[in-house]
Amino acid sequence: MATLAAATVSTIIPCLRYRDALAAIDWLCAAFGFEKQAVYADDKGIVQHAQLVFGNGMIMLGSVANQGAWGERIAQPDEVGGRETQSPCVIVADCEAHYRRAKAAGAVIVDELKHQEYGGAGYSCRDIEGHLWWFG
């Protein structure tokens, strides 16, 4: 059977927008362990496009101030009562250590770390601009 997926490392890449994308990039790296792969910003600090990697996964992000048709379709969490219609789910090697790191960096814990009876563990939190994340 033929596959529709491209032969790349990451085939699904969440995209987020931040009011202060440069600060968000630094925070996401410090709090969640992402690494900068590419950051394209203008001289005013507006991020046109950024790629952050985590293992073989990736997120892309940009500044809210980067106007365009795509951005007009996306609301920030604080504009819709903190609700989300999607959330990045990230698989980590040590959920307890990741939880402690994120919490120490100021992530707002939404669902406390919980070990499931069927195996595994997970928690959810909000980043510095209110985006909802799940780690497990």
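Structure first, text after, so check above.
Just so it is clear, the structure is predicted and the values come from calculations on it, not from any experiment.

(A) Representation of the pattern of salt bridges in the model. For the coordinates displayed, the defined rule picks out three salt bridges. Across the pair Arg 19 and Asp 78 runs a salt bridge whose closest N-O atoms are separated by 3.0 Å. On the criterion of sequence distance, the pair formed by Arg 19 in the loop between strand 1 (15-18) and helix 1 (21-32) and Asp 78 in the loop between helix 2 (69-72) and strand 5 (89-90) is long-range, its members being 59 residues apart. For Asp 78, a relative accessible area of 53% puts it in the exposed group. As a salt-bridge pair, Asp 26 and Lys 36 come within 3.3 Å of each other at their nearest N and O atoms. Of the two residues, Asp 26 is situated in helix 1 and Lys 36 in strand 2 (residues 35-41); the sequence distance between them amounts to ten residues. The class for Asp 26 is partly exposed, based on a relative accessible area of 44%. Connected through shared salt-bridge partners, Arg 19, Asp 78 and Glu 79 make up one network.

(B) Spotlight on helix 3 (residues 95-104). Considered for burial, the residues of helix 3 that qualify are Cys 95, His 98, Tyr 99 and Ala 102. Down the axis of helix 3, the buried set is contained in an arc of 105°. They therefore lie on one face. Exposed side of helix 3, more than 90 degrees from the buried face: Arg 100 and Ala 104 are the residues found there. Looking at the buried residues of helix 3, the elements they touch are helix 1, strand 6 (108-115), strand 7 (121-126) and strand 8 (132-135). Where helix 3 begins, the capping side chain belongs to Asp 94, and its oxygen is found 3.2 Å from the backbone nitrogen of Glu 96.

(C) Up close: the environment of Arg 126. Here Arg 126 lies in strand 7. Accessibility expressed as a relative area gives 22% for Arg 126, which makes it partly exposed. Residues Arg 126 and Val 108, 18 residues apart in the sequence, show an inter-C-alpha distance of 5.0 Å. Ignoring anything within four residues of it in the chain, the contact list for Arg 126 reads Trp 27, Gly 82, Glu 84, Ala 107, Val 108, Val 110, His 131 and Leu 132. At 2.7 Å, the side chain of Arg 126 and the backbone oxygen of Gly 82 are in polar contact.

(D) View of the sheet that holds strand 2. Reading across from one edge, 1-4-3-2 is the order of the four strands in this open sheet, with mixed pairing throughout. Looking at which strands have only one partner, the edges of the open sheet turn out to be strand 1 and strand 2. Averaged over all pairs of adjacent strands, the angle between their axes in this sheet comes to 20°, without regard to strand direction. With five bridges joining them, strand 3 (residues 47-54) and strand 4 (residues 57-63) adopt antiparallel strand pairing. Bridge assignment links Val 53 to a residue of strand 4, and that residue is Met 58. Across the sheet, helix 1 touches strand 1, strand 2, strand 3 and strand 4, and the angle it forms with strand 3 is around 5°.

Quick notes on the rules
Residues numbered from 1 in each chain as written. Predicted model: local features only at pLDDT ≥ 70, side-chain atom pairs only at ≥ 80, totals over all residues. Heavy atoms only, no water. Salt bridge = Lys/Arg side-chain N within 4 Å of Asp/Glu carboxyl O. Helix = DSSP H or I, 4+ residues; strand = E, 2+ residues; numbered from the N terminus. Buried < 20%, exposed > 50% of the residue type's maximum accessible area, 1.4 Å probe, protein only. Arc of directions from axis to C-beta. Contact = heavy atoms within 4.5 Å. Polar contact = N/O pair within 3.5 Å; in protein donor to acceptor, adjacent residues only side chain to side chain. Pairing = 2+ DSSP bridges. Axes fitted to C-alpha atoms, helices over the stretch in contact; angles between N-to-C directions.

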